[in-house]
Structure formats: C-alpha cells, structure tokens
Amino acid sequence: MRLPEFSQPAKEGKPGVKIARFLGKRIAQQSAHRAGLRSFIRYGWRWSWRVATFVTIFNMVSTGLSVYRNKTTISNFASAGAFTGALFRMHLGLQGLAGGFVFGTAFGIPAGGLLMTMQKLAGETLQEKRNRERRELYEQKLAEWQSRLSVMEVLGQTESNAQGGSETEQARESTSY
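In this text the structure is predicted, and so the values were computed from the model without any measurement.

Thresholds, definitions, all that
- Residues numbered from 1 in each chain as written.
- Predicted model: local features only at pLDDT ≥ 70, side-chain atom pairs only at ≥ 80, totals over all residues.
- Heavy atoms only, no water.
- Axes fitted to C-alpha atoms, helices over the stretch in contact; angles between N-to-C directions.
- Helix = DSSP H or I, 4+ residues; strand = E, 2+ residues; numbered from the N terminus.
- Left-handed = near helix turned anticlockwise from the far one by under 90°.
- Contact = heavy atoms within 4.5 Å.
- Nonpolar A, V, L, I, M, F, W, Y, C, P; charged D, E, K, R; others polar.
- Phe/Tyr/Trp six-rings, centres within 6.5 Å; stacked < 30°, edge-to-face > 60°.
- Lys NZ or Arg CZ within 6 Å of the ring centre and 35° of its normal.
- pLDDT = per-residue confidence, 0-100.
- Bend = angle between axes of the 7 residues up to and from the residue.
- Buried < 20%, exposed > 50% of the residue type's maximum accessible area, 1.4 Å probe, protein only.

Here we take up the packing of helix H2 (residues 74–88) against helix H3 (residues 93–122). Contact geometry for H2 and H3: axes closest at 6 Å, N-to-C directions at 145°. Seen from above, H2 lies across H3 with right-handed handedness. Of the residues in H3, those touching H2 at Ile74, Phe77, Ala78, Gly81, Ala82, Gly85 and Ala86 are Leu97, Gly100, Phe101, Gly104, Thr105, Gly108, Ile109, Gly112, Gly113, Leu115 and Met116. Grouping the amino acids of the contact of H2 with H3 by side-chain chemistry returns 10 nonpolar, eight polar and no charged.

Our focus in this paragraph is the packing of aromatic side chains. Scanning all chains against the criterion turns up three aromatic pairs. Directly above the ring of tryptophan 47 sits arginine 50, whose terminal nitrogen or CZ lies 5.1 Å from the centroid.

What follows covers the confidence of the model for the protein. On average, the protein scores 81 in pLDDT, and the residues at 70 or more come to 80%. At the level of individual helices and strands, the protein shows its lowest average pLDDT in helix H4 (residues 126–176), which scores 79, and its highest in H2, which scores 92. Counting contacts from residues 3–10, a segment whose pLDDT is below 50, to residues more than four positions away or on other chains yields two contacts.

Residue glycine 44 marks the point of greatest curvature in helix H1 (residues 25–69), where the axis turns by about 50°. Two residues or fewer past H1, asparagine 70 is found with a positive phi of approximately 60°.

With that out of the way, let us pick up unusual backbone geometry. At asparagine 70, a residue that is not glycine, the phi angle is positive and equals roughly 60°. By secondary structure assignment, the location of asparagine 70 is in the loop between H1 and H2. Of the residues examined, asparagine 70 reaches a relative accessible area of 36% and is grouped as partly exposed.

Written out as structure tokens, the structure reads:
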C-alpha cells in the first residue's frame with residue numbers, strides 16, 4: 001500500500017522542485033518582491049492594453065452621451081459601463097454579454113459618481129465648463145460682428161460724405177462759371 005505524498009518525509013522532496021533556502025527574513029522578502037516585479041513586467045502588458053481599451057471606450061461613450069444629451073448624469077456612466085462591459089464579453093455568448101452588461105453597469109455607476117464628485121470638488125463641472133466656453137465663444141463672435149458692422153457704418157458714412165462733398169464741389173464749380 002502506498003502512502004499519500006503529504007505523509008512522506010519532507011527531507012526527500014519532490015524531483016524537479018527547486019526549494020530556495022534563505023539566511024534571513026529580509027532576504028526572503030526581497031526575493032519575493034523581485035519575483036513579483038518580474039511577473040508584473042512579464043505579464044503586465046497583457047492587461048495594460050485591455051484596461052486602456054476598456055477605459056477609452058467607456059470615456060468615449062460617456063462623453064458622447066453627455067454631449068448628445070447636453071447634461072451629465074449617472075445614467076450616462078451606467079450606460080457607458082454596460083455597453084463597454086457587454087462589448088468585452090460579447091465573445092462568450094449571450095450569458096457573457098448579459099454578465100458584461102451587469103458587470104459594466106455595476107462598475108460604471110460608482111465610477112461616474114466618483115468622477116462627478118471630483119468635478120464638483122474642483123469647482124466646475126464639465127457641463128458648466130462647456131456652457132461657459134460656448135458663451136465666451138458667442139460673446140467673442142458677437143463682438144467681432146459688431147466691430148465689423150461699425151466699420152461698415154463708418155465706411156458708409158465716409159463714402160456718403162465723399163459723394164456729398166463731390167456734389168457740393170460740382171455745384172460750386174457750376175456756379176462759378
């Protein structure tokens with residue numbers, strides 16, 4: 001009868017398994033940290049592009065909804081999260097699509113709330129900034145239009161004065177002969 005592996009003495013060890021022995025706790029911690037860093041560098045790029053793509057799509061959808069609706073609400077972020085989550089889980093079928101939808105909505109709502117809170121704390125929301133910039137642009141164009149209009153009026157007066165002046169000169173010339 002053969003005994004399970006865990007009852008074997010630890011001295012024998014398993015073939016092919018490398019066990020590192022460290023002289024102190026600090027050296028063991030440093031080795032573990034280095035191994036973790038190596039793993040992060042080796043495998044981190046696999047997740048970085050996925051996260052970057054997810055965030056980009058989420059921001060594009062939420063910003064598009066905010067501009068289209070002309071207001072920023074939590075439902076914009078929930079919709080953006082649902083769309084992005086469903087898009088990333090679409091390849092798993094209908095269940096994956098539904099799961100991504102729920103997962104995206106569940107994370108889109110707090111993300112949107114956090115963003116809206118940070119904007120409020122900054123002093124100006126994106127909606128207020130958009131309205132302010134639109135108003136400033138309108139006022140700038142109105143000022144340009146009014147200055148062009150006043151230039152046109154001045155040119156018109158100058159032209160009418162020139163025509164009126166030439167008529168009086170012609171009248172003087174005709175009376176002097």
